[in-house]
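Listed here are the chains, written in short residue letters.
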Amino acid sequence: VPWLKNIAGSFNLGVAPLVNENWAQYKSYLKCLEYVAFGLPVFCSNILPYSDLKNKSIAEFITFIDNQPSLWAEAFRTFKISKANVALDDEYFIT
């Protein structure tokens, strides 16, 4: 999608949470694949369908987070933006 390619460089992180409900296991992990294809690190829920990616080569770009608000909050708190990957002024970097 051309418009998405044009704005992909504006993002620092791909986020793909899913509620742990029966229907969620029938979704696809396409969102994670798209984020990785754009060169973004990914935070996703540690449930199906995303957990199927743990044995794939792209898993190194993905952080699988259990569905507990405190774990998600901690992941965001500790996330560091690499200046090599993001062209923003210093005031926008998380420290």
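That block above? That's the structure.
A few points on the structure.

Rules behind the numbers
- Residues numbered from 1 in each chain as written.
- Predicted model: local features only at pLDDT ≥ 70, side-chain atom pairs only at ≥ 80, totals over all residues.
- Heavy atoms only, no water.
- Pairing = 2+ DSSP bridges.
- Helix = DSSP H or I, 4+ residues; strand = E, 2+ residues; numbered from the N terminus.
- Axes fitted to C-alpha atoms, helices over the stretch in contact; angles between N-to-C directions.
- Contact = heavy atoms within 4.5 Å.
- Phe/Tyr/Trp six-rings, centres within 6.5 Å; stacked < 30°, edge-to-face > 60°.
- Buried < 20%, exposed > 50% of the residue type's maximum accessible area, 1.4 Å probe, protein only.
- Lys NZ or Arg CZ within 6 Å of the ring centre and 35° of its normal.
- Salt bridge = Lys/Arg side-chain N within 4 Å of Asp/Glu carboxyl O.

### As for the sheet that holds strand E3 (residues 62–65)
Consider a sheet: its strands pair through backbone hydrogen bonds, and that pairing is either parallel or antiparallel.
Logical step 1: Overall, parallel pairing links the three strands, which are arranged E1-E2-E3 in an open sheet. The two strands at the open ends of the sheet, each matched to only one other strand, are strand E1 (14–16) and E3. Going from strand to strand, the sheet's axes swing by 15° on average, the running direction of each strand aside.
Logical step 2: Here three bridges tie E1 to strand E2 (residues 42–45), and the two strands are oriented parallel to one another. What sits directly across from valine 15, in E2, is phenylalanine 43.
Logical step 3: Sitting on the sheet, helix H2 (residues 30–37) touches E1, E2 and E3, and the angle it makes with E1 is about 175°.

### Comments concerning the packing of aromatic side chains
Logical step 1: Scanning all chains against the criterion turns up three aromatic pairs.
Logical step 2: Residues phenylalanine 43 and phenylalanine 76 carry aromatic rings whose centres are separated by 5.3 Å and whose planes lie at 70° to one another, so their mutual orientation is edge-to-face. In this pair, phenylalanine 43 is assigned in strand E2 and phenylalanine 76 in helix H3 (residues 69–78), connecting sequence segments 33 residues apart.
Logical step 3: Residue phenylalanine 43 is classed as buried on the basis of its relative accessible area, which comes to 6%.
Logical step 4: For phenylalanine 76, a relative accessible area of 38% corresponds to the partly exposed category.
Logical step 5: Centroid distance tryptophan 72 to phenylalanine 76: 6.3 Å. Interplanar angle 35°. Geometry classified as tilted. You can see tryptophan 72 and its partner phenylalanine 76 sitting in helix H3, four residues apart, about one turn around the helix.
Logical step 6: Residue classification places tryptophan 72 among the buried residues on the basis of a relative accessible area of 11%.
Logical step 7: An aromatic cluster is defined as three or more aromatic residues linked by ring pairs; in this entry it consists of Phe43, Trp72, Phe76 and Phe79.
Logical step 8: Directly above the aromatic system of phenylalanine 64 lies the positively charged group of lysine 54, at a separation of 5.5 Å from the ring centroid.

### Comments concerning the pattern of salt bridges
Logical step 1: Here the structure, examined in full by the defined rule, presents one salt bridge.
Logical step 2: The salt bridge partner of glutamate 74 is arginine 77, with a shortest N-O separation of 3.2 Å. One end of the pair, glutamate 74, and the other, arginine 77, are both in helix H3, three residues apart, so they sit about a helical turn from each other.
Logical step 3: Classification of glutamate 74 by relative accessible area gives partly exposed; the value is 38%.
Logical step 4: With a relative accessible area of 54%, arginine 77 lands in the exposed category.

### Regarding the environment of leucine 48
Logical step 1: Mapped onto the elements, leucine 48 comes out in the loop between E2 and E3.
Logical step 2: The class of leucine 48 is partly exposed, set by a relative accessible area of 36%.
Logical step 3: Note: C-alpha distance between leucine 48 and asparagine 20 (28 residues apart in sequence) is 8.4 Å.
Logical step 4: Sequence-distant contacts of leucine 48, defined by excluding residues within four places in its chain, comprise Leu18, Ala24 and Gln25.

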